[in-house]
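# Coordinate analysis (summary)
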Number of protein chains: 2
Amino acid sequence: MEDPHIDQVRRFNRAVTLRTGALDDSYLGRGRPLGQARLLFEIGPDGIDIGSLRELLGLDSGYASRLLRALERAGLVVVEQDGKDRRRRIAKLTETGLAERQAYDALSDDLAATLLDTLGERQRDRLVTAMAEVETLLGAASVTIAVEPEDSEDAKWCVAAYFAELDRRFEGGFDPGSGGYAGNSGKMQDDGVFLIARLHGRAVGCGALRRLDATAGEIKRMWVAPDVRGLGLSRRLLEALEAEARRAGMTRVVLDTNRSLAEAQALYRKAGYRETERYNDNSYADFWFEKDLRTPP
Amino acid sequence: MEDPHIDQVRRFNRAVTLRTGALDDSYLGRGRPLGQARLLFEIGPDGIDIGSLRELLGLDSGYASRLLRALERAGLVVVEQDGKDRRRRIAKLTETGLAERQAYDALSDDLAATLLDTLGERQRDRLVTAMAEVETLLGAASVTIAVEPEDSEDAKWCVAAYFAELDRRFEGGFDPGSGGYAGNSGKMQDDGVFLIARLHGRAVGCGALRRLDATAGEIKRMWVAPDVRGLGLSRRLLEALEAEARRAGMTRVVLDTNRSLAEAQALYRKAGYRETERYNDNSYADFWFEKDLRTPP
DNA sequence: AGAATTGCCTGACTAAAGTCAGATAAATGG
DNA sequence: CCATTTATCTGACTTTAGTCAGGCAATTCT
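Residue numbers run consecutively from 1 along every chain, following the written order of its sequence. Here chains are named by letter from A upward and ligands by number from 1 upward, in the order in which they appear as written. Where local features are concerned, this predicted model is filtered to residues with pLDDT of at least 70; where side-chain atom pairs are given and counted, the filter is 80 or more; whole-chain, interface and lining totals use all residues. Side-chain measures here rest on the full set of heavy atoms in the structure, leaving out hydrogens and waters.

Residue and element names in this part refer to chain B. Relative accessibility decides the category of a residue: with a 1.4 Å probe and only protein chains considered, values under 20% of the type maximum give buried, values over 50% give exposed, and everything between is partly exposed. Numbering of helices and strands runs from the N terminus, with a helix taken as a DSSP run of H or I at least four residues long and a strand as a DSSP run of E at least two residues long. Within strand E7 (residues 216-224), nine of the nine residues are buried, leaving the element largely enclosed by the surrounding structure. Note: two strands are recorded as paired if DSSP finds a minimum of 2 bridges between them. Bridging between strand E6 (residues 202-211) and E7 involves six bridges; their strand directions are antiparallel. Residue arginine 210 lies in a different strand from E7, and its bridge partner there is glutamate 218. Pairing geometry for E7 and strand E8 (residues 252-257), over three bridges, is parallel. Residue glycine 217 lies in a different strand from E8, and its bridge partner there is valine 253. By convention, orient the strands away from the viewer: a clockwise path from the first strand over the helix to the second makes the crossover right-handed. Each parallel crossover has a hand, and the one from E7 via helix H9 (residues 233-247) to E8 is right-handed.

Here it is in structure tokens:
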């Protein structure tokens, strides 16, 4: 274990916990135990149901309940019943609670400002830029990819966003109901899979695999949300789809693409796909690729 | 408070504590309370005296003692007396303790690796680079500058490093005992001040101010350690020296510099210094600068 | 040498954090 | 409708973290 990358991550960690431990202390500046302060903060201006709150902070149900009682006694929080499911309860901030939360906000702002204060303008810009980069990439690292039902809300939303983007980018637009595409746009066959990539719960990408025959599959609907591009997500989706194909006993995957999607073609080539001849009558397709899954990745 | 910089710092903070809070948890993976684990880790392979250990972790003396007893009972640590000062005691890891520490190390490594695992090579590089940048600049933000006795160990060390650098950079070298420099190299006058910049305790820069007459001071011995350059530290030192000059009732500061120190000249100009005529007989000086302190900064 | 200081220790205490086993009421499944 | 599950709560605990007051021995100051 002398990977310099790992070393850097650990050094970073040390430096940051040293520094931002102080930022955590802003949670202590108001004479309230950390646990209560965190709760107060996470309840947020709009209120939240207790279950989500517990999950968010990773608390034991008994403990969470007790903390809420304490905040209630202090007049900062009210807990009321959910209209739909009367077992469920919703915590909301009172006027006082909201003011208190804003005070915590101000404390955090002050601490962040102190951090920047000592730096010159150039250094400040550099720091903030680097922080944004770290934040984004840590986000990328916590994207999860999983098989989900193709008819879920999020799946439909992803596919709609995908189609909308195709319509924007193809010369002459794109209509999912026309040009040989129709046959594919229906429900996936028996053992097709639909993958969704999620960032902190939000769907930010998708990809589908459908079976062509006993040994071949087709990859379709690979899409990544514009604001999370450049993070290698499409590579991960592609790899995940290939893994699904292998799991389904396929030895070969194919896909088609349009000439206006240059990044996609680059991705496929880099991932070991070779151009092949037309295998379908999709009128939007200009290039066809295939990859042999039997060779090790 | 809607400074986008502050917002970015806070978003970064959230993202990082969310993600790398998990890295802290590696301290918990071995069924030992966090406090003990931190101690075990900080004692390090070579042992450390208890005073330093306490300071490092910011612990109460009684608490630290108790934690050490617990680790001793577990057979991970031995505490022995210092040879020189028999009040002082030194904590060392036993064989078992060392192994345990390595286990913590491995856990941290694993967690860091998991973080990097999901990313592609490009993203990994970007993340690590950004992390290094953040780490460095957070370091810069925690540099403190303070007046210290001119004859302290660290002050002498800084000045020696400064002279050594001059000797390396000046054409024909530099000898503090010659060429009109001698007169200045003795002890500072009555109300001269010596500033030291420290990064986590380590001296990383210095600067001196001495009085020339009732209203003027001279800035000398501005130096920043090579590994922390580019962080705006010299700017901060210069500002601190000017503040000292104002405090001492000076309305004007002067300084001289050698032609081979181009960055220094750029710094002085940017800070509002104007070139002026020779005011001393320092044979190493090629340029002389002055700044009127009465104009607001 | 005697007084003060330093470095570490123990005992006695408190607050915060967290766990676990039920209890209760509402919702859901057959 | 009854059994089960779900969402939250209460009470009874334990552990961890941390503080404070004093105590003892070694060192330093005068």
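Our next topic: the interface of chain B and chain A. Note on interface size: it is often stated as the accessible area lost on association of the parts. Contacts are residue-level and defined by heavy atoms, with any inter-residue pair within 4.5 Å sufficient. If you look at the interface, chain B gives 55 residues, while chain A gives 53 residues. Put simply, buried area is how much 1.4 Å-probe accessible surface two parts lose in total, over both of them, once they are put together. The contact between chain B and chain A buries some 5400 Å² in all, and 64% of this surface belongs to carbon and sulfur atoms. We define a salt bridge as a contact between a side-chain nitrogen of Lys or Arg and a carboxyl oxygen of Asp or Glu at a distance within 4 Å. Put simply, chain B and chain A have ten salt bridges between them. Of all the secondary structure elements, the ones that give two or more residues to the side of chain B that touches chain A are helix H1 (4-24), helix H2 (34-43), helix H5 (95-117), helix H6 (121-141) and H9 of chain B. Counting residues per element, the side of chain B that touches chain A draws most heavily on H1 of chain B, at 17 residues. Under the scheme applied here, ten amino acids are nonpolar (Ala, Val, Leu, Ile, Met, Phe, Trp, Tyr, Cys and Pro), four are charged (Asp, Glu, Lys and Arg), and all others, including Gly, are polar. Here the side of chain B that touches chain A is composed, by residue class, of 26 nonpolar, 13 polar and 16 charged.

Our focus in this paragraph is the protein's contact with DNA strand C. Any residue with at least one heavy atom within 4 Å of a molecule or strand is counted as near it. Residues in close proximity to DNA strand C total 21 residues, the closest being Tyr63 and Arg86 of chain A together with Arg66, Arg69 and Arg89 of chain B. One of the backbone N or O atoms of glycine 51 of chain B is found 3.3 Å from a phosphate oxygen in DNA strand C. Pairs of N or O atoms within 3.5 Å make up the polar contacts considered here, provided that, within protein, one atom can donate a hydrogen while the other can accept it, and that residues adjacent in sequence are counted only when both atoms are side-chain atoms. Between DNA strand C and serine 65 of chain B there is a distance of 3.2 Å, counted from a sugar or linking oxygen to a side-chain nitrogen or oxygen. Here the surface near DNA strand C is composed, by residue class, of four nonpolar, five polar and twelve charged.

In this section: the relation of the copies chain B and chain A. Superposition of the copies used a least-squares fit over C-alpha atoms from residues whose pLDDT is at least 70 in both. Its rotation angle being 180°, the transformation that places chain B on chain A also includes 0.1 Å of axial translation and leaves an RMSD of 0.7 Å. Such a turn and shift between the copies fits a two-fold axis. When C-alpha positions in chain B are compared against the rotation axis, the closest is assigned to alanine 130 of chain B, at 2.5 Å. Mapped onto chain A, 96% of the interface residues of chain B are again interface residues, and the two copies thus contact each other with one and the same surface.

Before going further, it helps to spend a moment on the pairing of strand E10 (residues 287-292) of chain A. Residue and element names in this part refer to chain A. Pairing of strand E8 (residues 252-257) with E10, which is carried by six bridges, proceeds in the antiparallel orientation. When the bridges of E10 are listed, aspartate 256 appears paired with tryptophan 288. Summarising the sheet, strand E9 (residues 274-276) and E10 pair through three bridges and their orientation is antiparallel. In the strand pairing of E10, arginine 274 is matched with glutamate 290.

Next up on the list: the pattern of salt bridges. Scanning all chains against the criterion turns up 54 salt bridges over all chains. Residue glutamate 165 of chain B is joined to arginine 229 of chain B by a salt bridge in which the shortest nitrogen-to-oxygen separation is 2.6 Å. Taken together, the residues span a long stretch of sequence, with glutamate 165 of chain B in helix H7 (residues 153-169) and arginine 229 of chain B in the loop between E7 and H9 at a distance of 64 residues. Note that arginine 247 of chain B is salt-bridged to glutamate 244 of chain B, the shortest N-O span being 2.9 Å. Here glutamate 244 of chain B and arginine 247 of chain B lie together in helix H9, a separation of three residues that amounts to about one turn. The class for glutamate 244 of chain B is buried, based on a relative accessible area of 16%. Here the salt bridges share partners, and the residues they tie into one network are Glu165, Arg169, Arg229 and Glu263 of chain A.

Moving on: the nonpolar core. The definition of a nonpolar core used throughout is a set of buried Ala, Val, Leu, Ile, Met, Phe, Trp, Tyr and Cys residues joined through side-chain atoms within 4.5 Å. Counting residues in each nonpolar core, the largest one holds 124 residues, and the members touching the most others are Val134 of chain A together with Val134 of chain B. Filtering out sequence-adjacent residues up to four positions away, valine 134 of chain B remains in contact with Phe12, Val16, Leu127, Ala130, Met131 and Val134 of chain A together with Phe12 of chain B.

A few words now on the protein's contact with DNA strand D. The immediate surroundings of DNA strand D are formed by 21 residues, with Arg66, Arg87 and Arg89 of chain A together with Tyr63 and Arg86 of chain B found nearest. In this structure, a base nitrogen belonging to DNA strand D sits 3.2 Å away from a side-chain N or O atom of serine 61 of chain A. One of the backbone nitrogen or oxygen atoms of arginine 86 of chain B is found 2.9 Å away from a phosphate oxygen of DNA strand D. Where the surface near DNA strand D is concerned, the elements lending two or more residues are helix H3 (50-57) and helix H4 (61-73) of chain A together with H2 and helix H4 (61-73) of chain B.

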